[in-house]
Amino acid sequence: MTSLNISTVIGCGLSECRQLPLIKQAGFDGFFAADTSPDSLKLCSKMAGELGLVFETVHAPFKETNHIWEPGEEGEEYLSSLKELVDLCSQIQVDKCIVHVTMGNTVPAVSQIGLDRFGQLCDYAKNRQVHICFENLEPHPHLEAVLAHIEDSYHGFCWDIGHNICYTPHIDWMKKYGSRLKCLHIHDNKGVTQPGNIDYRDDLHLLPFDGSLDWDWFAGKLRECHYEGPITLEVSNQGREEYRNMTLEQYLTAAYERGCRIREKFESVL
């Protein structure tokens, strides 16, 4: 049976480590973390082992990622911070690190220095047995440039289906990179609510089936590329009033039920 994982819940008010027993209690098999402080990641790793949870991925910070495309110290410092995170992933035996290649709608142009830095990162990570998984975002050419530059199949693609429908509904990411798919970020939203205007506020991180995504289509796309990894939710309990009125235990139970529905669709004709 396909495993069900979840991100630590965005905006819930509890530290990631305090969420882990509740994630296990709800029925999930694993999780991924976005708090990249060494103490938090080490404690999460220790607790995951005690609870029997799989620590699937670590999500790299991305607020400074645009600097990687620009000459100068800030780009080098960001690259160094990513390498330090890779070292930490290796230390706690998490073999995948999620990386954004841009931040926001206004970004620097694709540059050779940026491609070279991402190449350095991938070489560094492979030597430490960590896969770099590049995530789809707004409709910029940078992701495609990076994945064309990084030919080594050891590294690959993180398909964020929520980003796909609210940022790039015209792009079939599985047609492009299904053969390089490493992991998933699953959440729902209302799609592009202002045609012609790509807006981060459309990225709601709703529970699956509470937005406009066609989950039969999604499951079919995963089957087409013979995906064998976990079904991993990346959700926030801040997107709707009914979520905010739930306890975290109730919210995680609801999230697990939605994950089960996706898994059923995915496995229905396997």
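Predicted, not measured: the structure shown is a model, and the values here were computed from it.

Enquirer: Sorry, what's going on with the environment of Met-47 here?
Expert: Structurally, the position occupied by Met-47 is in helix 2 (residues 38-51). Given the relative accessible area of 18%, Met-47 is considered buried. Between the alpha carbons of Met-47 and Lys-24 there is a distance of 11 Å; along the sequence they are 23 residues apart. With near-sequence residues (within four places) excluded, Met-47 lies in contact with Cys-17, Leu-20 and Pro-21.

Enquirer: Can you help me understand the packing of helix 1 (residues 16-26) against helix 10 (residues 248-267) in this one?
Expert: Describing two packed helices takes the angle between their axes plus the distance from one axis to the other. Put simply, helix 1 and helix 10 touch, their axes get as near as 9 Å, and they point 45° apart. Put simply, helix 1 runs oblique to helix 10. Like other packed secondary-structure pairs, helix 1 and helix 10 cross with a definite hand, here right-handed. Contacts between helix 1 and helix 10 involve Gln-19, Leu-22, Ile-23, Gln-25 and Ala-26 from the first element and Leu-248, Glu-249, Leu-252, Thr-253 and Tyr-256 from the second. Within the contact of helix 1 with helix 10, the residues separate by chemical class into six nonpolar, three polar and one charged.

Enquirer: What is the right way to look at helix 5 (residues 142-149) in this model?
Expert: For the α-helix, the turn length of 3.6 residues means that residues three or four positions removed from each other point alike. For helix 5, the set of buried residues is His-142, Leu-143, Val-146 and Leu-147. Down the axis of helix 5, the smallest arc covering the buried residues is 125°, so these residues share one side. On its buried face, helix 5 is in contact with helix 4 (112-127), strand 5 (131-135), strand 6 (156-160) and helix 7 (173-177).

What counts and what doesn't
- Residues numbered from 1 in each chain as written.
- Predicted model: local features only at pLDDT ≥ 70, side-chain atom pairs only at ≥ 80, totals over all residues.
- Heavy atoms only, no water.
- Helix = DSSP H or I, 4+ residues; strand = E, 2+ residues; numbered from the N terminus.
- Buried < 20%, exposed > 50% of the residue type's maximum accessible area, 1.4 Å probe, protein only.
- Contact = heavy atoms within 4.5 Å.
- Axes fitted to C-alpha atoms, helices over the stretch in contact; angles between N-to-C directions.
- Parallel < 35°, antiparallel > 145°, perpendicular 65-115°, else oblique.
- Left-handed = near helix turned anticlockwise from the far one by under 90°.
- Nonpolar A, V, L, I, M, F, W, Y, C, P; charged D, E, K, R; others polar.
- Arc of directions from axis to C-beta.

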